[in-house]
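Chain residues, written in single-letter form:
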Amino acid sequence: MIACLVFAAALAPRPIVTADPVTLIPTDDVWAYPHAGDPAHDSFLRVWGTDGRAAAKDAGELEQFSYGFLQFDASKLPDGKLTSAFLRVYNVSNPSFTLEQAKAAPLQVRPIPGSFIEKTWQYSQTEKLMPPSEDKAVFGKTSPTALSDSTPMMIEVNLLKGPGDFAGFLASVKKSGKPLDIALAAALEVTENRASYKIYSRDAERESLRPQLVITY
């Protein structure tokens with residue numbers, strides 16, 4: 001009888017064990033725009049594009065775009081296969097854009113081909129750190145589901161949605177020993193009522209509003 005019970009227990013379905021997510025806060029971030037007042041210590045990253053595009057095609061038109069650059073310490077991430085990867089950021093309440101504008105021009109996450117140091121940041125570095133302009137480079141994009149006049153709005157971008165290969169990008173970064181550098185971009189037209197994403201940076205006074213990279217293996 002005991003042997004039967006042991007055998008039955010062995011055949012019973014085992015509960016699925018899900019690994020706890022790893023949450024990282026940026027080690028560095030900058031507002032990449034030529035007229036940024038204090039790009040390295042500003043509490044906000046402002047993001048917009050031009051002519052219906054989120055990223056510049058070449059250095060000649062770079063100053064028409066505004067990016068948020070984020071850097072994370074990839075060495076703090078374990079090895080293994082990614083099961084989920086999300087970037088969570090918060091836009092200020094009472095935003096400058098309408099819900100229709102945001103849906104038409106969602107917040108995007110793109111790779112940065114290099115690294116930067118917040119303390120020594122100069123806008124001239126942006127030319128070497130331009131995120132790829134092609135749509136195929138986008139790791140993920142999303143827009144707020146609702147707007148609020150009083151509460152900051154979380155925008156959660158699924159980095160595995162693609163078409164860009166975030167898992168491959170992260171694996172390459174970890175192998176090289178370099179930090180993970182990504183850009184916030186959007187096609188919002190700042191010329192239309194000064195519409196832009198205004199995202200809390202790592203210097204936000206409230207810790208809960210700072211960007212978070214949430215990864216599960």
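About the thresholds
In this numbering scheme, every chain counts its residues from 1 along its sequence in written order. In keeping with the predicted nature of the model, local features appear solely for residues at pLDDT of at least 70, side-chain atom pairs appear and are counted solely at 80 or more, and the whole-chain, interface and lining totals rest on all residues. Side-chain numbers come from the whole structure's heavy atoms, not from hydrogens or water. Helix numbering and strand numbering both begin at the N terminus, where a helix is a DSSP run of H or I of at least 4 residues and a strand a DSSP run of E of at least 2. Each residue is assigned to one of three classes by its accessible area relative to the maximum for its type, calculated with a 1.4 Å probe on protein chains only: buried under 20%, partly exposed between the two thresholds, exposed over 50%. Note that accessible areas follow from Shrake-Rupley with a 1.4 Å probe, and for residues the cover is restricted to the protein chains shown. pLDDT is a residue-level measure of predictor confidence that goes from 0 to 100. Note on definitions: a residue-residue contact is assigned when non-hydrogen atoms from the two residues lie within 4.5 Å. The term polar contact refers here to a pair of N or O atoms within 3.5 Å; inside protein, the definition further demands a hydrogen-donor-capable atom paired with an acceptor-capable atom, and it admits residues adjacent in sequence only when both atoms are side-chain atoms.

**Q** Please explain the overall build of the chain as it appears in this structure.
**A** Helices and strands together make up the secondary structure of the chain, namely 3 helices and 11 strands. The secondary structure elements of the chain, listed N-terminal to C-terminal, are α-β-β-β-β-β-α-β-β-β-α-β-β-β. When the backbone C-alpha atoms are referred to their principal axes, the chain occupies close to 80 × 40 × 35 Å. Of all 217 residues assigned to the chain, the portion counted as buried reaches 49%. Entry remark: accessible area of the chain is about 11,600 Å², with carbon and sulfur atoms responsible for 52%.

**Q** Quick question: what am I supposed to make of the confidence of the model for the chain here?
**A** Residues shown with low pLDDT carry predicted positions that ought not to be read at fine detail. Within the chain, residue pLDDT values average 91, and 92% of them lie at 70 or more. In this model, residues 1-17 is a region of pLDDT below 50 whose contacts with residues beyond four sequence positions or in other chains number 0 contacts.

**Q** Explain the side chain of Arg 110 here, please?
**A** Inspection of the secondary structure puts Arg 110 in strand 6 (residues 107-111). Overall, the relative accessible area of 1% leaves Arg 110 in the buried class. Here the side chain of Arg 110 touches Gln 108 through a polar contact of 2.8 Å, side chain to side chain. At a separation of 2.6 Å, a polar atom in the side chain of Arg 110 contacts the main-chain carbonyl oxygen of Pro 132.

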